[in-house]
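For reference, the chains in residue letters:
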Amino acid sequence: AAPPGKVQPEVVQQLYPKPGDAVDQEEPVLFRVSDGHRTEIDPSLFAGAYTLSAPAWRADSQSFAFNDLKRGFGEAKIIAVDADTGRAHAAVTETAKTFVFRDRIWSHDVKGLGREILWASERDGWRHLYLVDGATGRIVRQITKGNWLVRDIAKVDDDKRQIWFSASGYVPGEDPYYKHWLRVDFDGRNLTRLTRENATHEVRFSPDMTTYVDVYSRTDLPETLELHDARDGRLIQTLEKGDISALTAAGFRPPERFTAKGRDGRTDIYGLVVRPRDYDPAKRYPVIENIYAGPHDSFVPKSFWPFGAFSGGDKVMGMQQLADLGFIVVMIDGMGTANRSKAFHDVAWKNLADSGFPDRIAWMKALNAKDPAADISRVGIYGGSAGGQSTLNALLFHPEFYKAGVAYAGCFDNRMDKIDWNEQWLGYPVDQSYLDASGLVHAHQLKGKLMLVVGEQDSNVDPASTTQVVDALIKADKDFDLLVIPGGEHTAGRSTGPVAYAMRRQYAFFLKALRGEE
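Analysis parameters
Here the residue numbers are simple positions, counted from 1 along each chain's written sequence. Local features in a predicted model are, by the rule used here, given only for residues with pLDDT of at least 70; side-chain atom pairs are given and counted only at 80 or more, and totals for whole chains, interfaces and linings are based on all residues. Excluding hydrogens and water, the side-chain figures rest on all heavy atoms present in the structure. Secondary structure elements follow DSSP: runs of H or I of four or more residues count as helices, runs of E of two or more count as strands, with numbering from the N terminus. Only C-alpha atoms enter the radius of gyration, while the globule expectation follows 2.2 Å times N to the 0.38, with N the number of residues. Residue burial is assigned from relative accessible area. The probe radius is 1.4 Å, only protein chains are included, and a residue is buried under 20% of its type maximum, exposed over 50%, and partly exposed in between. Whether two residues are in contact is decided by their heavy atoms: any pair within 4.5 Å suffices. All accessibility values rest on the Shrake-Rupley procedure with a 1.4 Å probe; residue burial counts only the protein chains present in the view. Positive charges come from Lys and Arg, negative ones from Asp and Glu, while His and the chain ends are left out of the count. Note on charges: their place is set at NZ of Lys, CZ of Arg, CG of Asp or CD of Glu. UniProt positions are given in the numbering used here, feature names are shortened, and annotations may be inferred rather than shown by experiment. Any two strands are treated as partners once DSSP identifies two or more bridges connecting them. Salt bridges are defined by distance alone: a side-chain nitrogen of Lys or Arg within 4 Å of a carboxyl oxygen of Asp or Glu. Among buried residues, those of type Ala, Val, Leu, Ile, Met, Phe, Trp, Tyr and Cys that are joined through side-chain atoms within 4.5 Å constitute a nonpolar core. Any two of the Phe, Tyr and Trp rings considered here, Trp counted by its six-membered ring, make a pair once their centres fall within 6.5 Å; the pair's planes then place it as stacked at under 30 degrees, edge-to-face at over 60, or tilted in between. Lines fitted to the C-alpha atoms define the axes, with helices restricted to the stretch that makes contact. Angles between their N-to-C directions range from 0 to 180 degrees.

*Asks:* Can you walk me through the overall build of the chain in this structure?
*Replies:* Counting secondary structure elements, the chain contains 9 helices and 29 strands. Taking 2.2 N^0.38 as the reference for a compact globule, 518 residues should give roughly 24 Å; the C-alpha atoms of the chain span a radius of gyration of 25 Å, in line with that estimate. Expressed as lengths along the three principal axes of its C-alpha atoms, the size of the chain is roughly 80 × 55 × 50 Å. Per-residue burial for the chain yields a buried fraction of 54% across its 518 residues. Partitioning the contacts of the chain with sequence separation of at least 6, the portion at a separation of at least 24 is 57%. Carbon together with sulfur atoms contributes 51% to the accessible area of the chain, which is approximately 22,600 Å² in total. Treating the 63 positive side-chain charges of the chain as one cloud and the 71 negative ones as another, the clouds have centres 4 Å apart.

Have a look at this one:
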């Protein structure tokens, strides 16, 4: 509506399929180059596909394979095709009663021959590694097992039959989101933990896999950079230690890591607490939650770096700015987010309205029990994208607890958002679960104070999602604040565009809504 340097508005178009829309149905076809003979591949194995990967030839050219992800995300396969006959078979099949997590699908074709395939699966309730017979699809063995999960796979050595990978939850007593690095043989033997420090570790191996560089930290421990022997994790040399003396001198204090039981009274829920730098335990401070409950990851920081922002909300420094106005600011990973057990993650399935709120509320009540300065009779919430949706839903579904919220670029009705993200969590076809999570459908329930912020040219989340909520709120005679950023993209007001202006408006909103200050 306000293109730079122009008077007249411009039309901007993009391809943006939404849940329930038709998708292209691809089918591989086999041609023999020598004479052009065409062989049709029986499509029954991949009927109803959402996506098919590009075919990849095996090392001996006797077959090729491609990945098939079923629409609705309930099934994933590797399909192998014989080059002479065109006969196809499922080399690997993964099914789930809820969802197969597309972002974490991983496989490795041992020596590129299709006879043995390494596969990551959550079939036992945790993400682990399996060896699969590529000819029959039969599981030969589970390579890793236990109440922890495999995160990143750094290297597979087919000759030595070894895998180097990271894992979360492997070390009892540590934060289960911390990443440690390990090595294991294909037969599951000789599982070797390489990293030791009680922290989260990011590792890079040398090309010959003889050494690795480890950067480890926590939110209260600056980065340390070390060189290690990759055979046994032995420390060769400490290369660098982070120096935060200038940051500390400027008044920085690391956030408090706080853990409390979730909705079931058993599961630990992890979060951070940021207090004002002039915090006085004798005072009472409204609590504001910085939320992002997108099921595709976990979001509470685990490493040290406190600066910057992401599409869903602030890092620690942004939370500190808000806290210094007289608030306690928290960030929590509730059930329904990733990097824990499959059951923990499955809470989100057809249940995006949940957003982990029962866990978040229990966590904040536990914080109040420990520190009465955290006044949970005055709780605010803010977030962007999926965090914006959660912010609105907090006011709609839990008004007894959340009193004010600032929602940026929210996907307030999942029928209007992009097809892949939403069908991953709510399935296909579009059903009642989409309506149950809709801020549009439930807008008439609004209680408390609401501020909506949207970029006019948001290419990630359809800005009409915000507009339709605005329309529903007006029709329901509800009061709210609205900030539209002309030409703004998905991160407008948070990390792009008029950030200072949007933050000033957000701060003023919370000061008035939760502290009664103009």
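*Asks:* Just checking my understanding: could you explain the UniProt feature "domain: Dipeptidylpeptidase IV N-terminal" (unreviewed entry) in the chain for this structure?
*Replies:* The UniProt record annotates "domain: Dipeptidylpeptidase IV N-terminal" (unreviewed entry) at residues 6–222. The span residues 6–222 is 0% helix and 44% strand, and its two end C-alpha atoms sit 48 Å from each other.

*Asks:* Got a minute to help me understand the pairing of strand β22 (residues 285–290) in this structure?
*Replies:* Every other side chain in a regular strand lies on the same face of the sheet, so the side chains alternate between the two faces. Burial runs high along β22: 6 of the 6 residues are buried. Bridge count for β22 against strand β26 (residues 374–384) is 6 bridges, and the pairing is parallel. Residue pairing across strands places glutamate 289 opposite isoleucine 381, the latter belonging to β26. Pairing of β22 with strand β25 (residues 328–333), which is carried by 3 bridges, proceeds in the parallel orientation. The residue bridging valine 287 from the neighbouring strand is isoleucine 328, located in β25.

*Asks:* Would you mind showing me how to read the side chain of histidine 128 here?
*Replies:* Relative to the helices and strands, histidine 128 is located in strand β10 (residues 128–133). Not counting chain neighbours up to four residues away, the residues in contact with histidine 128 comprise Trp119, Ala120, Ser121, Gln142, Thr144, Lys145, Gly146, Trp148 and Val150.

*Asks:* What should I look at first to understand the pattern of salt bridges in this one?
*Replies:* Where charged atoms of side chains with opposite charge meet at close range, the side chains can pair. Scanning the model with the defined rule gives 41 salt bridges in all. Among the salt bridges present, the one from arginine 277 reaches aspartate 324, with a minimum N-O distance of 2.8 Å. With arginine 277 in the loop between β21 (268–274) and β22 and aspartate 324 in the loop between α2 (316–323) and β25, this pair connects stretches of sequence that are 47 residues apart. You can call arginine 277 partly exposed: its relative accessible area is 46%. A cluster of three or more residues bridged by salt bridges with shared partners is formed by Asp68, Lys70, Glu75 and Lys77.

*Asks:* Sorry, what's going on with the nonpolar core here?
*Replies:* Among soluble globular proteins, nonpolar side chains are generally buried collectively. Ranked by size, the top nonpolar core spans 45 residues in total, and within it Leu322, Phe327, Tyr382, Val406 and Phe510 carry the most contacts. Listed by contribution, the elements that provide at least two residues to this core are β21, α2, β25, β27 (402–408), α6 (419–426), β28 (449–455), β29 (481–485) and α9 (499–515). Among the elements that take part in this core, α9 stands out by supplying 7 residues, more than any other. Setting aside anything within four residues of it in sequence, one finds phenylalanine 327 in contact with Val274, Arg275, Pro276, Tyr285, Pro286, Ile288, Leu322, Phe510, Leu511, Leu514 and Arg515. Judged by nonpolar contacts, the second largest core, of 42 residues, contains Ile328, Ile332, Phe412 and Leu473.

*Asks:* Explanation requested: the pairing of strand β12 (residues 149–157) in the structure shown.
*Replies:* Where β12 and strand β13 (residues 162–168) come together, 6 bridges link them in antiparallel fashion. In the strand pairing of β13, isoleucine 153 is matched with phenylalanine 165. Here β12 hands over to β13 after 4 residues, with arginine 161 in that stretch at a positive phi of 55°.

*Asks:* Please clarify how α2 should be interpreted in this entry.
*Replies:* Of all 8 residues in α2, 6 are buried, a share of seventy percent or more. All buried positions along α2 are accounted for by Val316, Gly318, Met319, Gln320, Leu322 and Ala323. Summarising the contacts, the buried residues of α2 are in contact with β21, β22, β24 (313–314), β25, β26 and α9.

*Asks:* Please explain the UniProt feature "domain: Peptidase S9 prolyl oligopeptidase catalytic" (unreviewed entry) in the chain as it appears in this structure.
*Replies:* The residues that UniProt annotates with the feature "domain: Peptidase S9 prolyl oligopeptidase catalytic" (unreviewed entry) are residues 319–515. Between the end C-alpha atoms of residues 319–515 there is a gap of 17 Å, over a span that is 40% helix and 18% strand.

*Asks:* Can you walk me through the packing of aromatic side chains in this structure?
*Replies:* Using the criterion set out here, one finds 21 aromatic pairs in the structure. Between tyrosine 50 and phenylalanine 73 the ring centres are 5.4 Å apart and the planes differ by 50°, which places this aromatic pair in the tilted class. With tyrosine 50 in strand β3 (residues 49–52) and phenylalanine 73 in the loop between β5 (63–70) and β6 (75–82), this pair connects stretches of sequence that are 23 residues apart. The exposure class of tyrosine 50 is buried, given its relative accessible area of 12%. Residue phenylalanine 73 is classed as buried on the basis of its relative accessible area, which comes to 0%.

*Asks:* Where do I start with the sheet that holds strand β19 (residues 235–241) in this structure?
*Replies:* Within the open sheet, the 4 strands sit side by side as β16-β17-β18-β19. Their pairing is antiparallel. At either margin of the open sheet sits one strand with a lone partner, and together these are β16 (200–205) and β19. The average angle at which neighbouring strand axes cross in this sheet is 20°, direction not considered. Direction of pairing for β16 relative to strand β17 (residues 211–218): antiparallel, over a ladder of 6 bridges. Each residue of the ladder has a partner; that of threonine 200, found in β17, is serine 217.

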